[in-house]
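# Descriptive analysis of the structure
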Amino acid sequence: MRIGELARRTSVSERSLRYYEKQGLMTAERTPGGHREYPEGAVDRVIRIQELFAAGLCSEKIAQLLPCMRDADGGPSRRANSQLVSDLTTERKRINRMIDDLLRSRDVLDEVIATASETGEPPAP
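Cut-off values and rules
Note that residues are indexed from 1 along each chain, following the sequence as it is written. pLDDT decides what is reported in this predicted model: residues at 70 or higher carry local features, side-chain atom pairs at 80 or more are listed and counted, and totals for whole chains, interfaces and linings draw on all residues regardless. Side-chain measures here rest on the full set of heavy atoms in the structure, leaving out hydrogens and waters. Joining through side-chain atoms within 4.5 Å is the link that ties buried Ala, Val, Leu, Ile, Met, Phe, Trp, Tyr and Cys residues into a set, and such a set is a nonpolar core. Three labels apply to residues, based on accessible area from a 1.4 Å probe with only protein chains included: buried if under 20% of the type maximum, exposed if over 50%, partly exposed otherwise in between. Secondary structure counts use DSSP, requiring at least four H or I residues in a row for a helix and at least two E residues in a row for a strand, with both numbered from the N terminus. Note on definitions: a residue-residue contact is assigned when non-hydrogen atoms from the two residues lie within 4.5 Å. Angles shown run from 0 to 180 degrees and are taken between the N-to-C directions of axes, each axis being a line fitted to C-alpha atoms and, for helices, limited to the stretch in contact. Roughly parallel means an angle under 35 degrees; roughly antiparallel means over 145; roughly perpendicular covers 65 to 115; every other angle is labelled oblique. Classes in brief: Ala, Val, Leu, Ile, Met, Phe, Trp, Tyr, Cys and Pro nonpolar; Asp, Glu, Lys and Arg charged; the others, Gly included, polar. The term salt bridge refers to a pairing of a side-chain nitrogen on Lys or Arg with a carboxyl oxygen on Asp or Glu at a separation within 4 Å. In summary, the pairing rule links any two rings of Phe, Tyr or Trp, Trp by its six-membered ring, whose centres are within 6.5 Å, and it sorts them by plane angle into stacked for under 30 degrees, edge-to-face for over 60 and tilted for everything else. What pLDDT reports is the predictor's confidence in each residue, on a scale of 0 through 100.

Take the nonpolar core next. Soluble globular proteins tend to bury their nonpolar side chains together. One finds Leu6, Leu17, Tyr20, Met26, Tyr38, Val46 and Leu52 to be the most contacted residues of the largest nonpolar core, which totals 23 residues. If you list the elements that add at least two residues to this core, you get α1 (3-10), α2 (14-22), α3 (42-54) and α4 (59-65). The greatest single-element share of this core, amounting to five residues, is contributed by α3. Setting aside its immediate chain neighbours within four residues, tyrosine 20 contacts Val12, Leu25, Met26, Val46, Ile49, Gln50 and Phe53.

Next up, the structure:
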């Protein structure tokens with residue numbers, strides 16, 4: 001599939017797809033005319049990359065991690081080395097701290113909303 005179709009199917013910009021390729025996160029064949037041609041499995045790969053970016057991982061870490069993960073197409077997987085496992089454990093702890101912070105923020109908002117609802121007045125700015 002061409003880059004435009006992959007972008008449409010994954011809701012990721014063509015610019016981002018070219019960036020992923022430049023960073024070694026995915027590859028594309030080239031047609032005789034020089035156009036990128038992606039396999040069907042690229043859809044799953046892009047979704048996986050987006051999930052890892054959303055988790056806060058940088059492209060360098062994602063490039064190290066992707067070969068250790070199975071894509072939905074059942075592609076090969078290799079074991080992560082001890083340094084990558086250590087780095088990912090650190091990332092997981094960071095994500096857990098962010099979740100805890102967000103939960104505390106939500107609790108504060110819930111209190112403000114509840115208080116404002118009781119008085120019928122909107123909260124002060």
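A packed helix pair is summarised by two numbers, namely the angle formed by the two axes and the spacing between the axes. Contact geometry for α1 and α2: axes closest at 9 Å, N-to-C directions at 105°. With respect to α2, the axis of α1 lies roughly perpendicular. Every residue of α2 that contacts α1 at Ile3, Gly4, Leu6 and Ala7 is listed here: Glu14, Leu17 and Arg18. Residues that form the contact of α1 with α2 fall into these classes: four nonpolar, one polar and two charged.

Okay, the pattern of salt bridges next. Side chains that differ in sign of charge can pair as their charged atoms come close. The tally for this structure, following the rule as stated, stands at nine salt bridges. The shortest N-O distance in the salt bridge between glutamate 14 and arginine 18 comes to 3.7 Å. With glutamate 14 and arginine 18 both in helix α2 and four residues apart, the pair spans about one turn of that helix. For glutamate 14, a relative accessible area of 34% corresponds to the partly exposed category.

What follows concerns the packing of aromatic side chains. Counted according to the given criterion, the structure contains two aromatic pairs. Ring plane angle 65° and centroid distance 6.4 Å describe the contact between tyrosine 19 and tyrosine 20, whose orientation is recorded as edge-to-face. Owing to a relative accessible area of 3%, tyrosine 20 belongs among the buried residues under this scheme.

As for its placement among the helices and strands, threonine 31 is situated in the loop between β1 (29-30) and β2 (36-37). Threonine 31 sits in the buried class, given a relative accessible area of 19%. With near-sequence residues (within four places) excluded, threonine 31 lies in contact with Arg2 and Glu37.

What follows is about the confidence of the model for the protein. Mean pLDDT for the protein: 86, with 86% of residues reaching 70 or above. Model confidence for the protein, summarised as mean pLDDT per element, is weakest for α4 at 87 and strongest for α1 at 96.

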